[in-house]
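So you can see what is in the structure, the chains are spelled out below.
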Amino acid sequence: MTSATSRLFSQRAALYQYLDRHLASQTRFFGAAVVVNRALAELHRRPWGRWCAGAAASGLLLHIGNRLEAVNLRAAARLAARTRPGFASLGDTSLDVAMVQWEQLQVERLLRQLCLSDTFAHRHALVRIDQLLRWATRSAQPRGGPSSCASASVCQALRAVGAQLGRAARFGFCEDR
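Residues numbered from 1 in each chain as written. Predicted model: local features only at pLDDT ≥ 70, side-chain atom pairs only at ≥ 80, totals over all residues. Heavy atoms only, no water.

Undergrad: Got a sec to walk through the pattern of salt bridges? Specific residues and values, please.
TA: Side-chain pairs of opposite charge can arise where the charged atoms are in close proximity. Using the criterion set out here, one finds three salt bridges in the structure. The partner of Glu69 in a salt bridge is Arg12, and the shortest N-O contact between them spans 2.7 Å. Linking Glu69 in helix α3 (residues 47-80) with Arg12 in helix α1 (residues 4-23), this pair joins segments that are 57 residues apart in sequence. On the accessibility criterion, Arg12 (5% relative accessible area) is buried. Between Arg28 and Asp20 there is a salt bridge, with its nearest N and O atoms 2.7 Å apart. (Salt bridge = Lys/Arg side-chain N within 4 Å of Asp/Glu carboxyl O. Helix = DSSP H or I, 4+ residues; strand = E, 2+ residues; numbered from the N terminus. Buried < 20%, exposed > 50% of the residue type's maximum accessible area, 1.4 Å probe, protein only.)

Undergrad: Tell me about the packing of α1 against helix α2 (residues 29-45), and please be specific about residues and values.
TA: Angle between the axes and distance between the axes: these two values describe a pair of packed helices. At a minimum axis distance of 8 Å, the contact between α1 and α2 shows a crossing angle of 165°. With respect to their mutual orientation, α1 and α2 come out roughly antiparallel. Handedness of the α1/α2 crossing: left-handed. Residue-level contacts link Thr5, Ser6, Phe9, Ser10, Arg12, Ala13, Tyr16, Gln17, Leu19, Asp20 and Leu23 of α1 to Phe30, Gly31, Ala33, Val34, Asn37, Arg38, Leu40, Ala41, His44 and Arg45 of α2. In terms of residue class, the contact of α1 with α2 is built from 10 nonpolar, seven polar and four charged. (Axes fitted to C-alpha atoms, helices over the stretch in contact; angles between N-to-C directions. Parallel < 35°, antiparallel > 145°, perpendicular 65-115°, else oblique. Left-handed = near helix turned anticlockwise from the far one by under 90°. Contact = heavy atoms within 4.5 Å. Nonpolar A, V, L, I, M, F, W, Y, C, P; charged D, E, K, R; others polar.)

Undergrad: Tell me about the side chain of Thr27, and name the residues and values.
TA: For Thr27, the position within the fold is in the loop between α1 and α2. Of the residues examined, Thr27 reaches a relative accessible area of 2% and is grouped as buried. A distance of 3.0 Å separates a polar side-chain atom of Thr27 from the backbone nitrogen of Phe29. In this view, Thr27 contacts Asp20, Leu79, Leu95, Asp96 and Met99; residues no more than four positions away in its chain are not counted. (Polar contact = N/O pair within 3.5 Å; in protein donor to acceptor, adjacent residues only side chain to side chain.)

Undergrad: Any chance you could break down the environment of Leu111 for me, citing the residues and the numbers?
TA: On the secondary structure map, Leu111 appears in helix α4 (residues 95-117). Placed 11 residues apart in sequence, Leu111 and His122 show a C-alpha to C-alpha distance of 7.3 Å. With residues near it in sequence (within four places) discarded, Leu111 still touches Leu60, Ile64, His122, Leu126, Phe171 and Arg177.

Undergrad: Explain the nonpolar core to me, and be specific about the residues and the numbers.
TA: With 24 residues, the main nonpolar core has Leu61, Ile64, Leu111, Ile129, Leu132 and Phe171 as its most contacted residues. For this core, the secondary structure elements donating two or more residues are α2, α3, α4 and α5 (119-139). Of all the elements, α3 adds the most residues to this core, at eight residues. Sequence-distant contacts of Ile129, defined by excluding residues within four places in its chain, comprise Ala57, Leu60, Leu61 and Phe171. Core analysis: the second largest hydrophobic core is formed by 12 residues, Tyr16, Phe30, Ala76 and Leu79 among them. (Core = buried A, V, L, I, M, F, W, Y, C linked by side-chain atoms within 4.5 Å.)

Undergrad: Describe in detail the side chain of His44, supporting the description with residues and values.
TA: Considering the arrangement of structural elements, one finds His44 in helix α2. According to the relative accessible area criterion, His44 is buried, its value standing at 1%. Here the side chain of His44 touches Ser58 through a polar contact of 2.7 Å, side chain to side chain. In this structure His44 touches Ser3, Thr5, Ser6, Phe9, Arg50, Ala53, Ser58 and Leu61, once residues within four positions along its chain are discounted.

Structure representation (structure tokens):
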């Protein structure tokens, strides 16, 4: 059964795939967004993933995704017009790195707004997203067969991040994202 949330993440993955096809010579940022949104779509297709995320986390991820999509579409339009998006405040760095840093600043802003407006909802959503991250990380571990993770590359990345941190990745920590 495909949930409405899963369909929305799938649609966003298709949009980012279109952007990646047209802008890959300038950045692979949109290719990474395809992988993340496909993984979120797959996790929300699975009953355990939907239960693990819960309505609060799914709602927050959708809200963040909507806001980032608007920011990313503006950046894509500037790239298509052959102008570098306005990331001058991030210093002299590669476009991919600058776009990731810019996007994470937007996520931080959204999380801070939620925390100020509803501390309980903020905390509850982060706990559920972290639960989802732990589930995805465990899903990547070998069990004598193919990975049950939504996207093997995402789950492998989560395992690598966890090994480097010495703990599971936490969504509320910018350095973990």
